[in-house]
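Report on the structure
Below, each chain spelled out in residue letters.
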There are 2 protein chains.
Amino acid sequence: MTRSSHAPMLNETHDPTLRSWVDSANWPGHDFPIQNLPFASFRRRDRGEAWRGGVAIGDAIVDLAALHCGHPFDGLAAEALAAGAEPQLNALMALGPAHWRALRLALSRALREGSPLRALVEPCLVPQAEAEYGLPARIGDYTDFYTSIHHATNIGRLFRPDNPLLPNYQWVPIGYHGRSSSIGVSPQAFRRPRGQVKAPDAAAPVLAPSRRLDIELELGVFVGPGNALGEPIPIAEAESHVFGIVLLNDWSARDIQAWEYQPLGPFLAKNFATTISTWVVTLEALAPYRVPFERPAADPQPLPYLESADNRARGAFDIHLSIEWQTARMAEQGMPAHPVARTNYRYAYWTVAQMVAHHTVNGCNLQPGDLLGTGTLSGPKPEEAAAFIELTQGGKQPLTLPSGEQRTFLEDGDTVVLRGWCERPGTVRIGFGECRGTVRPAGK
Amino acid sequence: MTRSSHAPMLNETHDPTLRSWVDSANWPGHDFPIQNLPFASFRRRDRGEAWRGGVAIGDAIVDLAALHCGHPFDGLAAEALAAGAEPQLNALMALGPAHWRALRLALSRALREGSPLRALVEPCLVPQAEAEYGLPARIGDYTDFYTSIHHATNIGRLFRPDNPLLPNYQWVPIGYHGRSSSIGVSPQAFRRPRGQVKAPDAAAPVLAPSRRLDIELELGVFVGPGNALGEPIPIAEAESHVFGIVLLNDWSARDIQAWEYQPLGPFLAKNFATTISTWVVTLEALAPYRVPFERPAADPQPLPYLESADNRARGAFDIHLSIEWQTARMAEQGMPAHPVARTNYRYAYWTVAQMVAHHTVNGCNLQPGDLLGTGTLSGPKPEEAAAFIELTQGGKQPLTLPSGEQRTFLEDGDTVVLRGWCERPGTVRIGFGECRGTVRPAGK
């Protein structure tokens, strides 16, 4: 393997002094400065256009299909641009790190103040306010992991009070397969699910709308080049198979889950909707925010196939995450969504590279555009809980919102907004945009 | 809903006296008489051809792409033929029962003795011996159910001796999401998976090739027209969303499963390979073999959303199933695969219609080409066990094969062949072909 297949390294595209000729990209605190350059699938609303790839810069989108027609780049960057112009990003994801790096560098140079390509690129900008978004990729398989030991312990305590953290947790990056068809892109509105629920003292279950509808704040990892069936991906090469990261809300019906999940795991409790954010932040954009992967010395250390020097030195990501809640009444009164929890991806017990290495160690094949959820990213403190069941202690401690309304689980009309961002000394802040979802009433 | 959306009824295509001008289709006991007409995706080997849909008749395949060029049919049958000519059958599956019925009737008439279309159809026949097969559909999502109460009890006893059948089993058609990417079509060869395994008395797990590699004899149900997210499919309409059925082998690494499966269900123990048979037998072809769905009167009866008069009267299928085992030595010595178990789909505790109604009751959307596994179809008797872990009582009672070799779980080079067929008084026997898979040694 060449160096290029490993975790992305810092280069000129990360220079915090870079400024763009797109003014809004230079505004302090903007999610999409020139150091970010995340990808989405989009089209302008109400024009009957085909979907195409785009890159966010400030309040605008570089329309990759339009840009491709002007043939501004050469070599790998041109090949990557052609792939990025397609309706979904699977072909770009399949190309791999050398192509991604070339396209990012070419876009960074073209969007910088003083770029001679400005006259060619500027007509390819679309205001984000005029866009609608599709799923960034055709997601073949969606796997959800369980990488926060804090979440596993908190939720385990609620479902199995005497046995919260199972003996395999510190050895196995636990994961399971989720549902691809019901993954939607932000903003997603979905019906409250019905399902079998059974009160502890009832003799029989009933079919009813879920009354314990919850969220799970996660990140979603988009797979780049896949592997052949039977050919595991070694951990040292794992990150060369990862394109980028989105926010992910794994909506969960806790009452349905409690009754159905034994012995084969969650099913209808989670497959009615999963919402991801619009923009895929690339692994390369996240390079300045890498941090060491630390595990308490008293804990079992990972088996060799889950261990590498690179993973230890910089396997984790310092990504700040927040949850905001807005009721229908708050929305009517013009009150913004209210922050109810904050956490960070660096608390995860297993890294992205470990997820990829574990998923394939048995020969399972990943494909470009597959999505890996990190699992609920609760941190060590109570206010860092990333699901309402944890934040409200199983629904026993309601939250009070600025409207005076109390909440434990979601009511009809409620909206949840997830946000993510990175900021470290000596870097420019970059953001993930938002992941927004709204609960509609159950059907008849 | 019109009558057409419900379970297929008997019609002239089921007449047991029909004979085809394709001689081999009339041979007694052949899997593919004119009453069957199953679908596959195929191409002739070594010709660089595109994949296309085909229909089995005796030892031949009707090449639907070639037939479509001759425009032999009108109306719905012509539309269905055009869809069936595509490389995979998703478009045909999406059309629904009226189209499927029209195409089946047109093909049945064209293939009967004395058909005036013989001269047009005969040049479109390809010998099965010259064909290779692809997956019949692009499988978006694969869900695996757990519909045999005998399997659930047997396996539960091995994994949880004091608590074999969980309290939800008789109420909930338990299912979970499986892996689409590693589904292959028969004949499939795959590497023995490696994974974390932990001996009961060991302090820590190790990474090793599975030593308890098993099969699960299942059926796979291909979804036809899907449903919109948030719109459940009522049980009375469920079968109008089902295209047909294949054999399915859910290869399972029991040692990996035992260590990983708590609390989110099986993952790497099953996602390294799943093999399905080549030919999709349509629900309409199976109409003569429908039987009442019977549940012991002492058991809880299904909740209303899982109950219908039609499901009660004919919700089950009388499909005979068998498992054959062949070691590498047997193959070398020219010994055929040896039958080791026989069971029947009619023993299932939940029907196809109940799987569809349950899967969507929360609003989860199914899509054309999705695959639903029935779960391991063990019957009530010990010799009707549909997995080796049951057949050998957890690996304690080896089987002796005709070569004199003993087996509990699969050794490298072993081949397993699943077969399925229907035969009832007053009908012609129809078959599913075979589902064949071979274990290769683990990689390095």
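Residues numbered from 1 in each chain as written. Chains lettered and ligands numbered in written order. Predicted model: local features only at pLDDT ≥ 70, side-chain atom pairs only at ≥ 80, totals over all residues. Heavy atoms only, no water.

Here we take up the packing of helix α2 (residues 75–84) of chain B against helix α4 (residues 97–111) of chain B. All names here are of chain B. Contact geometry of α2 with α4 gives a least axis separation of 8 Å together with a crossing angle of 95°. As summarised for this structure, α2 and α4 are arranged roughly perpendicular, according to the angle between their axes. Packed against α2, whose contacting residues are L76, A77, E79, A80 and L81, the element α4 presents A98, H99, A102, L103 and A106 at the interface. Looking at the contact of α2 with α4 residue by residue, the class counts come to eight nonpolar, one polar and one charged. (Axes fitted to C-alpha atoms, helices over the stretch in contact; angles between N-to-C directions. Helix = DSSP H or I, 4+ residues; strand = E, 2+ residues; numbered from the N terminus. Parallel < 35°, antiparallel > 145°, perpendicular 65-115°, else oblique. Contact = heavy atoms within 4.5 Å. Nonpolar A, V, L, I, M, F, W, Y, C, P; charged D, E, K, R; others polar.)

This brings us to the nonpolar core. Of all hydrophobic cores here, the largest spans 164 residues; its most connected members are L286(A), Y345(A) and Y345(B). In this view, L286(A) contacts I245(A), V281(A), F317(A), I319(A), C422(A), I430(A) and F432(A); residues no more than four positions away in its chain are not counted. (Core = buried A, V, L, I, M, F, W, Y, C linked by side-chain atoms within 4.5 Å. Buried < 20%, exposed > 50% of the residue type's maximum accessible area, 1.4 Å probe, protein only.)

Adjacent strands of a sheet pair through backbone hydrogen bonds, lying either parallel or antiparallel. Residues and elements named next belong to chain A. Across the sheet, five strands lie side by side as β4-β3-β2-β1-β5; this open sheet has antiparallel pairing. Looking at strand neighbours, the two that pair on one side only are β4 (125–127) and β5 (131–134), the edges of this open sheet. Here the strands of the sheet are splayed against their neighbours by 50° on average, with no regard to which way each runs. Here four bridges tie strand β1 (residues 39–44) to strand β2 (residues 52–57), and the two strands are oriented antiparallel to one another. Opposite A40, over in β2, you have G54 as the bridge partner. (Pairing = 2+ DSSP bridges.)

So, on to the domain arrangement of chain A. All names here are of chain A. Its domain assignment divides chain A into domain 1 (3–134) and domain 2 (142–440). In this assembly, domain 1 packs against domain 2 so that about 2,900 Å² is buried in total across both faces, 66% of it on carbon and sulfur atoms. Of all residues in domain 1, P8, M93 and W100 bury the most surface against domain 2, accounting for 21% of the area lost on that side. Residues E284 and R104 are paired through a salt bridge, measuring 4.0 Å at the closest nitrogen-oxygen approach. The tally of links between domain 1 and domain 2 comes to nine residue pairs in polar contact (both at pLDDT 80 or more). Of all the elements in the fold, those that place two or more residues in the side of domain 1 that touches domain 2 are β1, β2, α3 (90–95), α4 (97–111) and β5. It is α3 that contributes the most residues to the side of domain 1 that touches domain 2, five residues altogether. Classifying every residue of the side of domain 1 that touches domain 2 by side-chain character gives 20 nonpolar, 14 polar and four charged. (Domains from an automatic or database assignment. Buried area = accessible area lost by both parts, 1.4 Å probe. Salt bridge = Lys/Arg side-chain N within 4 Å of Asp/Glu carboxyl O. Polar contact = N/O pair within 3.5 Å; in protein donor to acceptor, adjacent residues only side chain to side chain.)

Overlaying chain A on chain B yields an RMSD of 0.0 Å, the required transformation being a rotation through 180° with an accompanying axial translation of 0.0 Å. Such a turn and shift between the copies fits a two-fold axis. By C-alpha distance to the rotation axis, the residue of chain A lying nearest is G265(A), at 2.2 Å. Both copies contact each other with a shared surface, as 100% of the interface residues of chain A are interface residues in chain B too. (Least-squares fit on C-alpha atoms with pLDDT ≥ 70 in both.)

Let us now look at the interface of chain A and chain B. Across the boundary between the two partners, chain A contributes 58 residues, which contact 58 residues of chain B. Contact between chain A and chain B buries roughly 5,200 Å² in total, counting both sides, with carbon and sulfur atoms accounting for 60%. At the junction of chain A with chain B, the criterion picks out six salt bridges. Residue D370(B) is joined to R179(A) by a salt bridge in which the shortest nitrogen-to-oxygen separation is 2.7 Å. Viewed at the interface, chain B and chain A are joined by 32 residue pairs in polar contact (both at pLDDT 80 or more). Elements represented by at least two residues in the side of chain A that touches chain B include exactly β6 (142–145), β7 (175–177), β9 (188–191), β10 (194–197), β11 (206–209), α7 (254–260) and α10 (352–360) of chain A. Among the elements that take part in the side of chain A that touches chain B, β7(A) stands out by supplying three residues, more than any other. Within the side of chain A that touches chain B, the residues separate by chemical class into 30 nonpolar, 20 polar and eight charged.

Structurally, G404(B) can be placed in the loop between β23 (399–400) and β24 (406–407). Remark: the alpha-carbon pair of G404(B) and P336(B), spanning 68 residues in sequence, is separated by 14 Å.

Okay, the UniProt feature "active site" (unreviewed entry) in chain A next. All names here are of chain A. Feature annotation in UniProt assigns "active site" (unreviewed entry) to the following positions: H151. Mapped onto the fold, H151 is located in helix α6 (residues 149–159). A residue is classified by how much of its surface remains accessible, and H151, at 3% relative accessible area, is buried. Sequence-distant contacts of H151, that is, excluding residues within four places in its chain, are made with Y146, G156, E216, T376, S378 and E390. (UniProt positions renumbered as here; feature names shortened; annotations may be inferred.)

Along the chain, E260(B) turns up in helix α7 (residues 254–260). Within polar-contact distance, the side chain of E260(B) engages the backbone nitrogen of L268(B) at 3.0 Å. Of the polar contacts made by the side chain of E260(B), one reaches the backbone nitrogen of A269(B); its length is 2.9 Å. Aside from chain neighbours lying at most four places away, what touches E260(B) is N168(A), I174(A), G265(B), P266(B), F267(B), L268(B) and A269(B).

Residue and element names in this part refer to chain B. Here five strands make up an open sheet; going across it, the order is β4-β3-β2-β1-β5 and the pairing antiparallel. Edge positions in the sheet fall to β4 (125–127) and β5 (131–134), since each has one partner strand and no second. The average undirected angle you get between the axes of adjacent strands in this sheet is 50°. When strand β2 (residues 52–57) meets strand β3 (residues 60–63), the two strands line up antiparallel, connected through four bridges. Considered in β3, the bridge of V55 is made with V62.

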